[in-house]
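Coordinate inspection notes
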Amino acid sequence: MARVTIDGHTIEVPDGTTIVEAARKIGGDIVPPTMCYYSTLKTSGGYCRTCLVKVTKGSDKDPRPMPKLVVACRQTVMDGMEVQNITSPEVLEAREGVVEFLLLNHPLDCPVCDQAGECDLQDLSYEHGDEGTRTVFRRRTFPMRDIGDKIKLHMNRCIMCYRCVKVAEQLCPERVHGVLNRGWDAEISTYIEKAIDNEWSGNMIDVCPVGALTDKTFRFKSRVWFTKPLDAHRDCDVCCGRVALWVSGDAVLRVTGRKGVYHEIENTEDGKPGWICNTCRFEKKNLSDWVIEGPRHIDRHSVISQNHYEQLKQLKQDLSRQKLIGEKAHNN
Amino acid sequence: MGRQLLLDNLDKPGINTLSGYQETGGYESLRKALQMKPEDIVAEVQKSGLRGRGGAGFPTGMKWSFLAKPPGEPRYLICNADESEPGTFKDRYLMQRKPHILIEGMIISSFALGANTSYIYIRGEMMYVYHILQKAIDEAYAAGYLGKNILGSGFDLDLHVHCGAGAYICGEETALLESLEGKRGNPRIKPPFPAVKGLWGCPTVVNNVETIAAVVPIIRITGEEYAKIGIGKSTGTKLISASGHINKPGVYEIELGVPVEEFIYSDQYCGGIRNGKKLKAVVAGGSSVPVLPADLILKTANGEPRLMTYESLADGGFATGTMLGSGGFIVMDEDTSVVKNVWNFSRFYHHESCGQCSPCREGTGWMYKILSRLLDGKGETKDIDLLWDIQRKIEGKTICPFGDAAAWPVAAAIRHFRSEFEQYIDKGNSDVKHYYRINNLQES
């Protein structure tokens, strides 16, 4: 076990836990934001640099601070480690820089983007970014592509988090999906536009933090905050069959995996990630296909939760949180 | 001219062949090394104080001693011959002229580390050097220096040359490993370091060509003798690729500790500035290191003469110092525009960024575009501060040191030559068109 202190909160976690996982156990504002890290995908993380934190004390054994900011999603904790996240101006500044870099070539087409409302990049830029933009250059553009017949790839919006590549690598055998070209011109693609033909490929949509990979059966149907999320399940031979339905009236507009607090797929009861198959995702679009469990609680700070049934409860929580933060600031 | 340990006998005809190399005492160090215990060779290298010649200057003996030795797992030695840093061409020269010194160094180093398979990862653009090396390796196999039971010692070694596809990033050691494994050349996240988990998950040492070649003279003259050359912690000789506006550009082997002034002006080395012009600035260690103006490269901020050593060049930190780096010594005369120079470097880094980390992927391109606009005479005063801010947000925020390498030249150019940036903004740029024309570039 290792004791780690993050922004003054101390927690004991098993050896080999990453700083992000330790912070998530503490919860609240001190959790570093992540764009490319996805706890259920192996070797994900380390690319986007939004989770950079400052290690002010390496460990009890070696108390030297780490010379550079480290990525919280890949750096494992040491016993006695002390980490600064939101208490370090250096970290906040670096994060602001990362947001600016991520938005540098992002088209900012949120008004027509299906991801808007549940977009990690929107949340990130709102919470950690600076106002305005300092670039006046023409943004990088790519042609739109199809990844199989059900997924649309809008490369302009991509932030190169590699999450979908990890899905292709780890869920879809015989993958043909990867990254082409280098640096500024790097793009997600299927080699020679070969369609991905795999039962699990749809999970790429769920892991995409932005609107780069969208569900072609849902594109432009509705803004996400106008749809009601329901927990539902069905007997499926391929996957766990536990999904979130996004419903408008009686129509099932969209089926996704169940995502938790950090916008990651939740585990099923047996502890395995609740990835869902393409049949459940794209073909079961009738309410009669599903056993409805009840309204789905969206525990996110994004816009969907604002129009939720639990709106009032949520609002109350938010207010009390704000009050706490205010009091804390006042006392300091 | 000081002692020549690597570039000696270069004029001898046939030095690039096995017989020619053997006539000058080649492979004698190998015979000597095979009589020694592997750990004694490591100790000898530690005693010599040899530091990595690829740029970072990490003590080689220490790096070797870090190599994990789990039982039953193979270990690998990889020679990094992916020399792509603008301004650096020493490894290519050495491999081209004296391929056998590298092969001999590889065998000795592999023996010291207990590696039975070793690789030379060579840059894709240097295909002709690949053929030279391959020919030399074939000769070494035929002579029994490679293969099974080398010279009756019971030590087996297979040496392969692998040709990269010409990506600068594959010179980063973990990207090199990925590329060697047949994957996309993206740097890995460290830890684990290659010494623990390197090629195919096995302990691996990655060394520069010159570092491995230097092992040969170290064994020949002993580590203690080698450590006597040079000053302080900068021991031995170093190959310097001198280029730019000097009378005698080329690769020079210097004893570390030669004053920079002597190196630039002495007829033994660069032979002074071309056409009798004045020295304006020097990039002392390849494109990644900060550029220094003439007064700071010749003398440190304290007024002491600057020497060609790791410590002296780094004196004063980045505020008034630079780095020895890989030894790519680029000299600029008074007519050179530092802004154009840094524009060229930033274009290079923009092109070569692997695209994993967002600060580097986006930031390098952004800096390049701002610098292009500046050169076009359309810059604004705030652009200088913007450039400064961008480089600050790239530096130290990325997986590998590429981000730092892209940020430092821009930072140093602004730090030391801010007025020149301002000139471009105030007056526009009258000679941009000329510049585009002589370089056959598309004006955009």
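These numbers come from a predicted model, not from an experiment. (Residues numbered from 1 in each chain as written. Chains lettered and ligands numbered in written order. Predicted model: local features only at pLDDT ≥ 70, side-chain atom pairs only at ≥ 80, totals over all residues. Heavy atoms only, no water.)

Taken together, the contact between chain B and chain A spans 34 residues of the former and 35 residues of the latter. Each partner contributes to the roughly 2,900 Å² buried at the junction of chain B and chain A, and carbon and sulfur atoms together form 56% of this total. Area buried by chain B at its contact with chain A is led by B:Glu362, B:Trp366 and B:Lys393, which between them contribute 23% of it. The tally of links from chain B across to chain A stands at five salt bridges. Where B:Asp389 meets A:Arg134, a salt bridge forms, and the shortest distance between an N and an O atom there is 2.7 Å. Linking chain B to chain A there are 15 residue pairs in polar contact (both at pLDDT 80 or more). Element by element, the count of residues in the side of chain B that touches chain A is highest for helix H16 (residues 358-375) of chain B, at 10 residues. (Contact = heavy atoms within 4.5 Å. Buried area = accessible area lost by both parts, 1.4 Å probe. Salt bridge = Lys/Arg side-chain N within 4 Å of Asp/Glu carboxyl O. Polar contact = N/O pair within 3.5 Å; in protein donor to acceptor, adjacent residues only side chain to side chain. Helix = DSSP H or I, 4+ residues; strand = E, 2+ residues; numbered from the N terminus.)

Before going further, it helps to examine the sheet that holds strand E6 (residues 145-147) of chain A. Two modes of strand pairing occur in sheets, parallel and antiparallel, and in both the strands are linked by backbone hydrogen bonds. All names here are of chain A. Strand order in the open sheet formed by three strands is E6-E7-E10, with antiparallel pairing between adjacent strands. A single partner strand is all that each edge strand has here, and the edge strands are E6 and strand E10 (213-215). Within the sheet, the average angular offset between the axes of one strand and its neighbour, ignoring direction, is 35 degrees. Bridge analysis of E6 against strand E7 (residues 151-153) gives three bridges, and the strand direction is antiparallel. Note that in E7 the partner of Ile147 across the bridge is Ile151. (Pairing = 2+ DSSP bridges. Axes fitted to C-alpha atoms, helices over the stretch in contact; angles between N-to-C directions.)

As a rule of thumb, soluble globular proteins bury nonpolar side chains together. The biggest cluster of nonpolar side chains holds 63 residues, and the ones touching the most others in it are B:Tyr27, B:Met95, B:Leu102, B:Ile103, B:Ile107, B:Ile120 and B:Ile122. The contact partners of B:Leu102, leaving out residues within four places of it in the chain, are B:Cys79, B:Met95, B:Ile120, B:Leu133, B:Val209 and B:Ile212. (Core = buried A, V, L, I, M, F, W, Y, C linked by side-chain atoms within 4.5 Å. Buried < 20%, exposed > 50% of the residue type's maximum accessible area, 1.4 Å probe, protein only.)

All names here are of chain B. Their axes nearest at 9 Å, the elements helix H15 (residues 338-352) and helix H18 (residues 402-427) cross at an angle of 155 degrees. On the basis of their axis angle, the class for H15 and H18 is roughly antiparallel. Classified by chirality, the crossing of H18 by H15 is left-handed. Residues Val338, Val339, Lys340, Val342, Phe345, Tyr349 and Glu352 of H15 pack against Phe402, Ala405, Ala406, Pro409, Val410, Ala413, Phe417, Glu420, Phe421 and Tyr424 of H18. Here the contact of H15 with H18 is built from residues that sort into 14 nonpolar, no polar and three charged. (Parallel < 35°, antiparallel > 145°, perpendicular 65-115°, else oblique. Left-handed = near helix turned anticlockwise from the far one by under 90°. Nonpolar A, V, L, I, M, F, W, Y, C, P; charged D, E, K, R; others polar.)

We now examine the side chain of B:Arg51. If you trace the backbone, B:Arg51 turns up in the loop between helix H3 (38-48) and helix H4 (60-65). In this structure the side chain of B:Arg51 is engaged in a polar contact, spanning 2.8 Å, whose partner is the side chain of B:Glu311.

Residue and element names in this part refer to chain B. The four strands are arranged E3-E2-E1-E4 in an open sheet whose pairing can be described as parallel. Whereas interior strands pair on both sides, the edge strands pair on one side only; in this sheet they are strand E3 (158-163) and strand E4 (204-208). Geometrically, the sheet is characterised by an average inter-axis angle of 20 degrees between neighbouring strands, direction not taken into account. With six bridges joining them, strand E1 (residues 76-81) and strand E2 (residues 117-122) adopt parallel strand pairing. Its bridge partner being in E2, Leu77 is matched across the sheet by Ser118. Of the strands in this sheet, E2 and E3 touch helix H7 (residues 127-142), which is tilted by about 170 degrees from E3. Relative to E4, helix H9 (residues 209-221) is tilted by about 90 degrees, and along the sheet it contacts E1 and E4.

Residue and element names in this part refer to chain B. The terminal C-alpha atoms of H9 lie 19 Å apart, and with 13 residues this matches the ideal 18 Å at 1.5 Å per residue to within 8%. Of all 13 residues making up H9, 12 are buried, and the element is well covered by its neighbours. For H9, the full list of buried residues reads Val209, Glu210, Thr211, Ile212, Ala213, Ala214, Val215, Val216, Pro217, Ile218, Ile219 and Ile221. The backbone nitrogen of Glu210 has a side-chain oxygen 2.9 Å away, supplied by the residue at the start of H9, namely Asn208. A positive phi of about 75 degrees marks Thr222, the residue just after H9. (Expected span 1.5 Å × (residues − 1).)

With that settled, the discussion passes to the pattern of salt bridges. Summed over the entire model, instances satisfying the criterion amount to 48 salt bridges over all chains. Its salt-bridge partner being B:Arg392, residue A:Glu93 comes within 2.4 Å of it at the nearest N-O pair. Linking A:Glu93 in helix H2 (residues 89-104) with B:Arg392 in helix H17 (residues 381-394), this pair reaches from one chain into another. Its relative accessible area of 30% is what places A:Glu93 among the partly exposed residues. The residue A:Glu100 makes a salt bridge to A:Arg134 at a minimum N-O spacing of 2.8 Å. Remark: A:Arg134 occurs in the loop between helix H3 (120-128) and E6 and A:Glu100 occurs in helix H2; sequence separation between them is 34 residues.

So, to be careful, I would describe these as geometric facts and stop short of saying anything about function.
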